[in-house]
Amino acid sequence: MYSHKPLNEKKLFDFLQRNNGIERITWTRHAKQRLIERGIIMSDILYLLRHKFELISLDETTRSDEGLYKYKIAGYTPNSGGKRICIVIIPSLERCAVKLVTVMWENESRE
């Protein structure tokens with residue numbers, strides 16, 4: 001059983017690297033819709049999970065008692081035209097998986 005403490009930026013990055021960031025990723029319907037609406041491509045999201053990013057915020061989820069927390073991360077990707085992409089993910093250490101909640105450009109407010 002994993003600890004129910006949130007990960008700091010380094011531990012989150014290490015988790016994503018150790019698990020290749022994309023081995024078990026679940027895209028919510030909301031995330032897929034926002035990806036299309038905002039003209040962000042899937043490969044840039046996968047790039048962001050594999051490379052250096054900045055942890056913007058950390059929030060508890062409704063399942064934080066199970067060790068699940070929401071992380072908003074941001075970074076530059078090859079196809080983002082110099083703009084930073086933000087994504088909200090919920091990693092599950094127990095399942096070695098990541099749920100992608102939403103995607104946005106950094107200058108957009110969260111929907």
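Caption draft 1: Region of the structure containing the nonpolar core. Core analysis: the largest hydrophobic core is formed by 25 residues, its most contacted members being Leu12, Ile45, Ile73, Ile87 and Ile89. Going through the elements one at a time, helix H1 (9-18), helix H2 (29-37), helix H3 (42-50), strand S3 (69-75), strand S4 (85-92) and strand S5 (97-105) are the ones with two or more residues in this core. Among residues more than four places away in sequence, those in contact with isoleucine 73 are Leu12, Leu48, Leu49, Phe53, Glu54, Leu55, Ile56, Ile85, Cys86, Ile87 and Ile89. Ranked by size, the runner-up nonpolar core spans seven residues in total, among them Leu68, Cys86, Ile90 and Met104.

Caption draft 2: Region of interest: the pairing of S4. Summarising burial for S4: eight of the eight residues are buried, a large majority. Neither face of S4 is open: one carries Ile85, Ile87, Ile89 and Pro91, the other Cys86, Val88, Ile90 and Ser92, and all of them are buried. With five bridges joining them, S3 and S4 adopt antiparallel strand pairing. When the bridges of S4 are listed, glycine 75 appears paired with isoleucine 85. With antiparallel pairing between neighbouring strands as the criterion, S4 and S5 make up a hairpin whose turn holds four residues, including cysteine 96 at a positive phi of roughly 50°.

Caption draft 3: Seen up close, the packing of aromatic side chains. What the rule picks out here adds up to one aromatic pair. Relative to phenylalanine 53, the ring of phenylalanine 13 lies with its centre 5.7 Å away and its plane at 55°, an arrangement referred to as tilted. Here phenylalanine 53 lies in the loop between H3 and strand S2 (54-60) and phenylalanine 13 lies in helix H1, a separation of 40 residues in the sequence. You can call phenylalanine 13 partly exposed: its relative accessible area is 24%. Its guanidinium or amino end placed over the ring of tryptophan 105, lysine 83 lies 4.1 Å from that ring's centre, counting from NZ or CZ.

Caption draft 4: Molecular detail of the side chain of threonine 61. Mapped onto the secondary structure, threonine 61 falls in the loop between S2 and S3. If near-sequence neighbours (up to four positions away) are discounted, threonine 61 is found in contact with Leu68, Tyr69, Lys70 and Ile90.

Caption draft 5: Representation of unusual backbone geometry. For cysteine 96, which is not glycine, the phi dihedral falls at a positive 50°. Position of cysteine 96 among the secondary structure elements: in the loop between S4 and S5.

The rules behind these values
- Residues numbered from 1 in each chain as written.
- Predicted model: local features only at pLDDT ≥ 70, side-chain atom pairs only at ≥ 80, totals over all residues.
- Heavy atoms only, no water.
- Core = buried A, V, L, I, M, F, W, Y, C linked by side-chain atoms within 4.5 Å.
- Buried < 20%, exposed > 50% of the residue type's maximum accessible area, 1.4 Å probe, protein only.
- Helix = DSSP H or I, 4+ residues; strand = E, 2+ residues; numbered from the N terminus.
- Contact = heavy atoms within 4.5 Å.
- Pairing = 2+ DSSP bridges.
- Phe/Tyr/Trp six-rings, centres within 6.5 Å; stacked < 30°, edge-to-face > 60°.
- Lys NZ or Arg CZ within 6 Å of the ring centre and 35° of its normal.

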